[in-house]
Structures are given as C-alpha cells and as structure tokens.
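Okay, here's what each chain looks like letter by letter:
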Amino acid sequence: MENSSQYQSILAKLTRNCRTTHESYATYINFYIANRKGVSGQCLEPEEFLKNNPTYLIKQAKKLAPEFSLGHLNYCAVNSSLRACMQGSAVFHVLMIVDLNKFEPAQQLRRQDFPDGRLEQLKEIISPELWHSIWMAIQMVFSRC
C-alpha cells in the first residue's frame, strides 16, 4: 500500500487523541468493579488496585461526577460522561478516507472530533451545580409518579 505511512500517521494521531479518555474509562470501571463486594463479601482495597494502575486516571474520571450518596449514581455519571466523549466523529472521518493524498487532517479534524478533546470540553462545563440541577430534575419527575 503506497499510503501506508500516511495511514499510520493518521491512526497514530487518532490513538494519541483517544488515550486519556479510554484509559480513564477502563481504569475507573475496573476500579469500580474491584471495589464492589463479590461473592466472598470482600472487595479489593483501593491501595492494592492503585499500585498497578495510574491514580491520575481515576481522579480525572471522578471529577466528572460529584459524590452522590449512592455510589452507583457516581458510576453511572462517570460512565455516561466518558462514553459520551468516546462518541466523537474522528474515527469515521479516518475510515471514510478514499484518497489520502487529498486528506488534510489539520483542516478536516477538529479537536472536539476526538475523545480527548471532547473530554476537555466536558470538564470545562461539568460542575457540582450541573449535577445538582440534573438530580433535582430527576427527583421532581419521580415525585410525580
């Protein structure tokens, strides 16, 4: 394939711009699962889990949600936020390339097309007030039932 190095360059950029979001998601989800009580009734100590995993990824993921009184709501908020970030369009642009000689990534792909760019934007607007307003709206809906 004559454009092999161009494809590799584009896919390397795509990978670099997805890494933080995907690694945060994987690390946070595994951390959540490891801290759930299993059949034995025991859960993995956070320090034990973190000694083999980057702490900053869990901290970054946790910033996406406040501490709800029910831990599962935190999981849902973080999970949904990170999954939304992973719905960027960059991969579709790259997969639809027919002629790499006409493809100019700098002009065709914006930062928000990549998961990490979307994550940066989301972190700018996420606040305890935002989650509080969402939580209040949910409670209002359920109080009518």
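This brings us to the overall build of the protein. Tallying secondary structure elements over the protein gives nine helices and zero strands in all. In the protein, which comprises 145 residues, the share counted as buried stands at 32%. Within the protein, residue pairs in contact and separated by at least 24 positions form 67% of the contacts whose partners lie at least 6 positions apart. Accessible surface for the protein amounts to roughly 9,800 Å². Of this, 56% is attributable to carbon and sulfur atoms.

Now for the nonpolar core. Judged by nonpolar contacts, the single largest core of 16 residues is most densely connected at Y28, L64, V78 and L82. Those elements giving two or more residues to this core turn out to be α2 (19-34), α5 (71-85) and α8 (115-125). In terms of residue count, the dominant contributor to this core is α5 (five residues). Those residues within four positions of L64 in sequence are excluded, and the remaining contacts are S81, L82, L119, L122, K123, I126 and W131.

Below, the discussion takes up the side chain of S81. Relative to the elements of secondary structure, S81 occurs in helix α5. Residue S81 is classed as buried on the basis of its relative accessible area of 7%. Setting aside chain neighbours within four positions, we find S81 in contact with L64, L122 and W131.

Position of T21 among the secondary structure elements: in helix α2. Note on T21: relative accessible area 0%, which makes it buried. Apart from the residues within four sequence positions on either side, T21 is in contact with L82, C85, M86, P115, D116 and L119.

Let's shift gears to the packing of α2 against α8. What describes two packed helices is the angle between their axes and the distance between those same axes. The N-to-C vectors of α2 and α8 enclose an angle of 75°; their axes lie 6 Å apart at closest approach. The orientation of α2 relative to α8 falls into the category roughly perpendicular. For the pair α2 and α8, the contacting residues are R19, T20, T21 and H22 in the first and P115, D116 and L119 in the second. Across the contact of α2 with α8, the residue classes break down as two nonpolar, three polar and two charged.

The next subject is a nonpolar patch on the surface. On the surface, I134, I138, V141 and F142 cluster together to form a nonpolar patch covering roughly 350 Å² of accessible area. Overall, the relative accessible area of 33% leaves I138 in the partly exposed class.

The next point concerns the packing of α2 against helix α4 (residues 55-62). In the contact formed by α2 and α4, the axes pass within 8 Å of each other and the chain directions differ by 90°. On the basis of their axis angle, the class for α2 and α4 is roughly perpendicular. Contacts between α2 and α4 involve T20, E23, S24, T27, Y28 and F31 on the former and, on the latter, L57, I58, Q60, A61 and K62. Residues of the contact of α2 with α4, tallied by class, amount to five nonpolar, four polar and two charged.

Here is what the cut-offs are and how they apply
- Residues numbered from 1 in each chain as written.
- Predicted model: local features only at pLDDT ≥ 70, side-chain atom pairs only at ≥ 80, totals over all residues.
- Heavy atoms only, no water.
- Helix = DSSP H or I, 4+ residues; strand = E, 2+ residues; numbered from the N terminus.
- Buried < 20%, exposed > 50% of the residue type's maximum accessible area, 1.4 Å probe, protein only.
- Contact = heavy atoms within 4.5 Å.
- Areas by Shrake-Rupley, 256 points an atom, 1.4 Å probe, with all protein chains shown as cover.
- Core = buried A, V, L, I, M, F, W, Y, C linked by side-chain atoms within 4.5 Å.
- Axes fitted to C-alpha atoms, helices over the stretch in contact; angles between N-to-C directions.
- Parallel < 35°, antiparallel > 145°, perpendicular 65-115°, else oblique.
- Nonpolar A, V, L, I, M, F, W, Y, C, P; charged D, E, K, R; others polar.
- Patch = residues over 30% accessible without salt bridge, like charges linked within 9 Å, V, L, I, M, F, W, Y side chains within 5 Å.
- Salt bridge = Lys/Arg side-chain N within 4 Å of Asp/Glu carboxyl O.

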